[in-house]
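# Observations on the model geometry
So you can see what is in the structure, the chains are spelled out below.
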Amino acid sequence: MQFIDLKAQYQYLKENIDKRIHTVLEHGKYIMGPEVQELEEKLASYVGVKHCITCANGTDALTLSMMVLEIQEGDAVFCPTFTFFATAETIAFQKATPVFVDSDEQTFNICPIDLEKRIEQVISEGKLKPKAIVAVDLFGLPANYPELERIAKKYKLKLIEDAAQGFGGEIEGRRAGSFGDIATTSFFPAKPLGCYGDGGAIFTNNDEYAQLLRSYRVHGKGKDKYDNVRIGVNSRLDTIQAAILIEKLEEFPAELKARGGLASKYTQLITLDVKKPYTPNGYVSSWAQYTLISQNRDIHMEAYKNKSIPTMVYYGTCMHQQTAFSYLGYSDSDFPIASMLSASVFSLPMHPYMNDDSLNKIIET
Ligand SMILES: *Cc1c(COP(=O)(O)O)cnc(C)c1O
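Predicted model only: the values in this text are computed from it and were never measured.

Helix-helix packing is characterised by the crossing angle of the two axes and by the distance between the axes. Direction vectors running N to C along helix H1 (residues 6–27) and helix H8 (residues 239–269) enclose 150°, while the axes themselves pass 8 Å from each other. In terms of axis orientation, H1 runs roughly antiparallel to H8. With respect to the hand of their crossing, H1 and H8 are arranged in right-handed fashion. Contacts between H1 and H8 involve Gln 9, Tyr 12, Leu 13, Asn 16, Ile 17, Arg 20, Ile 21, Val 24, Leu 25 and His 27 from the first element and Thr 239, Ile 240, Ala 243, Ile 244, Ile 246, Glu 247, Lys 248, Glu 251 and Glu 255 from the second.

This is the structure in structure tokens:
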């Protein structure tokens, strides 16, 4: 059994994907070919924003967004401590200071109450300039954007949505990728919408940001790649990956439905002494992961392992526990919820191509 069965998905979509890849091989526009623009238009329309700018991966999507927002040394950027490393890494990469925030125990996402406390604290210390919030749609569930947008406005902070896991999620009909000033996603193969290599995208309604992003991703280009008007990077989505994503986006709504169906079955049928995931009213998760909380995580994971059922821990190490961030001087007592989560969460196999035999085996175990 696979934790995420990418091969089953390829077998299902093989004919169309192979055709798309061959079209690219034949036309030969391997960099910024026509499929890249076609995909950007389709993604922008799916999410419901004006601009989509694809790039090389989800980490670059965050970095490019932070370049546009001029996040720099001396800035405080608030982000959850319970997340994937890239969320916080990109803040430090801009030489800004990540200020970690505890999690909401129900949703696993950034806690708006703790966020406001930490903003007030940075203001009263007077050393750093509060600049932005990076919220994460952890395990597929959009963060509490109604509250986060209110806080960002109150303190005049920029808001970035890290939708690397949340693509496909919704709040009251508004899709992930449409929240905040800029939103980012990743097409890493294991994400809800993945390609067959690295890929990423940025979403915004701001024309100026969009223009800057298109320049930054190709060496700070002006008129063209050999007219360089600012310092940028090289971060484009390969044409072949764009072609694959066009095909996968067609199937994505059906896949989301299958993920949701699997999550409901887990929630109905699992009778372990575990806490199951919570989805607030009006929210739709893309179910990047189905994550349980248990004080007996090791025992449960061992039992699954004995039946050859793969399980994973996302994330066993919070940002404040990472060696790379030890210079910030945090301890577990600063983040009681996130520290508890990192010691007790584990995730079950989750993908849209789960067959009944595998599902029954997981439930029985
Ligand atoms: C995967 C992920 C990223 C980074 O995406 P890559 O494409 O792997 O660079 C960033 N943030 C979160 C929350 C992620 O899960």
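Okay, back to it.
Here the UniProt feature "modified residue: N6-(pyridoxal phosphate)lysine" (unreviewed entry) sits at Lys 191. With respect to the helices and strands, the residue Lys 191 is situated in the loop between strand S8 (182–186) and strand S9 (200–204). In contact with Lys 191, other than residues within four places in its own chain, are Ala 164, Gln 165, Ser 186 and Arg 259.

The next subject is helix H10 (residues 336–344). One turn of the α-helix equals 3.6 residues, which is why residues spaced by three or four share an orientation. Residues of H10 that are buried include every one of Ala 338, Ser 339, Leu 341, Ser 342 and Ser 344, and no others. Along its buried surface, H10 packs onto strand S11 (290–293), helix H9 (297–306) and strand S12 (345–348).

Near the ligand, the surroundings consist of 14 residues, among which Gly 58, Thr 59, Asp 162, Ser 186 and Lys 191 are the closest. One nitrogen or oxygen atom from the main chain of Gly 58 is found 2.7 Å from an oxygen atom belonging to the ligand. Within the complex, 93% of the 380 Å² of free accessible area of the ligand lies under protein. Within the residue set of the shell around the ligand, elements represented by two or more residues are helix H3 (58–68) and helix H4 (85–93).

Reported here for the largest pocket is a volume of approximately 440 Å³. Phe 84, Ser 186, Phe 188, Lys 191 and Tyr 315 are the residues nearest the centre of the largest pocket, which is lined by 22 residues in total. Considering each element in turn, the lining of the largest pocket owes the most residues, three residues, to H3. Residue-level mapping places the lining of the largest pocket at the junction of two domains, with at least three residues from each of domain 1 (6–100 + 109–248) and domain 2 (252–364).

On to the nonpolar core, then. By size, the foremost hydrophobic cluster in this structure holds 40 residues, and its most contacted members are Ile 71, Phe 82, Phe 108 and Val 134. Secondary-structure elements contributing two or more residues to this core are strand S1 (51–55), H3, strand S2 (75–80), H4, strand S4 (129–136), helix H7 (207–216) and H10. For this core, the element with the most residues is H3, which contributes six residues. Counting only domains with at least three residues in this core, you end up with domain 1 (6–100 + 109–248) and domain 2 (252–364). For Ile 71, the residues in contact, after removing those within four places along its chain, are Met 66, Val 77, Gln 94, Ala 96, Lys 131, Ala 132 and Ile 160.

In terms of burial, S9 is largely enclosed, as five of its five residues are buried. Side chains of S9 alternate between two faces, with Gly 200, Ile 202 and Thr 204 and Ala 201 and Phe 203 buried alike. Sheet topology note: the S1/S9 ladder contains five bridges and is antiparallel. Its bridge partner being in S9, Ile 53 is matched across the sheet by Ile 202. Sheet topology places S8 next to S9; four bridges connect them, and they run antiparallel.

The next subject is the sheet that holds strand S6 (residues 170–171). Reading across the sheet, the three strands line up as S7-S6-S10 and stay open at both edges, with antiparallel pairing between neighbours. In this open sheet, the two strands that pair with only one neighbour each are strand S7 (174–175) and strand S10 (283–284). Here S6 runs beside S10; their pairing, made up of two bridges, is antiparallel. Looking at S10, one finds that Ile 171 is bridged to Tyr 283.

Turning our eyes to something else, we now look at the pairing of S1. The element S1 is largely enclosed, with a buried count of five among its five residues. The side-chain alternation of S1 yields two buried faces, one formed by His 51, Ile 53 and Cys 55 and the other by Cys 52 and Thr 54.

The domains assigned to the chain are domain 1 (6–100 + 109–248) and domain 2 (252–364). Taking the mean C-alpha position of each, domain 1 and domain 2 sit 23 Å from one another. In this assembly, 40 residues from domain 1 lie in contact with 35 residues from domain 2. Roughly 2,900 Å² is buried in total at the junction of domain 1 and domain 2, and carbon and sulfur atoms are behind 66% of that figure.

A few words on H7. Burial in H7 covers these residues: Tyr 209, Ala 210, Leu 212, Leu 213, Ser 215 and Tyr 216. Of the surrounding elements, those touching the buried residues of H7 are S1, H3, strand S5 (158–162), S8 and S9. At the N-terminal end of H7, a side-chain oxygen is found 2.9 Å from the backbone nitrogen of Glu 208, two or three residues along, and the residue is Asn 206.

Once their charged atoms are close, side chains differing in charge can pair, the charge on each being opposite to the other. Under the defined criterion, the tally for this structure stands at 15 salt bridges. Across the salt bridge formed by Glu 147 and Arg 150, the nearest N and O atoms sit 3.1 Å from each other. In this pair, Glu 147 and Arg 150 both sit in helix H6 (residues 145–154), three residues apart, roughly one turn of the helix. The residue Lys 223 makes a salt bridge to Asp 227 at a minimum N-O spacing of 3.8 Å. The exposed category is assigned to Lys 223, whose relative accessible area is 71%. Through salt bridges with shared partners, a single network forms among Arg 20, Glu 38, Lys 42 and Glu 247.

So, how was this worked out
Residues numbered from 1 in each chain as written. Predicted model: local features only at pLDDT ≥ 70, side-chain atom pairs only at ≥ 80, totals over all residues. Heavy atoms only, no water. Axes fitted to C-alpha atoms, helices over the stretch in contact; angles between N-to-C directions. Helix = DSSP H or I, 4+ residues; strand = E, 2+ residues; numbered from the N terminus. Parallel < 35°, antiparallel > 145°, perpendicular 65-115°, else oblique. Left-handed = near helix turned anticlockwise from the far one by under 90°. Contact = heavy atoms within 4.5 Å. UniProt positions renumbered as here; feature names shortened; annotations may be inferred. Buried < 20%, exposed > 50% of the residue type's maximum accessible area, 1.4 Å probe, protein only. Near = heavy atom within 4 Å. Polar contact = N/O pair within 3.5 Å; in protein donor to acceptor, adjacent residues only side chain to side chain. Areas by Shrake-Rupley, 256 points an atom, 1.4 Å probe, with all protein chains shown as cover. 1 Å grid on protein atoms, 1.4 Å probe; cavity = no way out; pocket = protein on both sides within 12 Å on 5 of 7 lines; lining within 4 Å. Points joined across faces, edges and corners; volume = space filled by probe spheres on them. Domains from an automatic or database assignment. Core = buried A, V, L, I, M, F, W, Y, C linked by side-chain atoms within 4.5 Å. Pairing = 2+ DSSP bridges. Buried area = accessible area lost by both parts, 1.4 Å probe. Salt bridge = Lys/Arg side-chain N within 4 Å of Asp/Glu carboxyl O.

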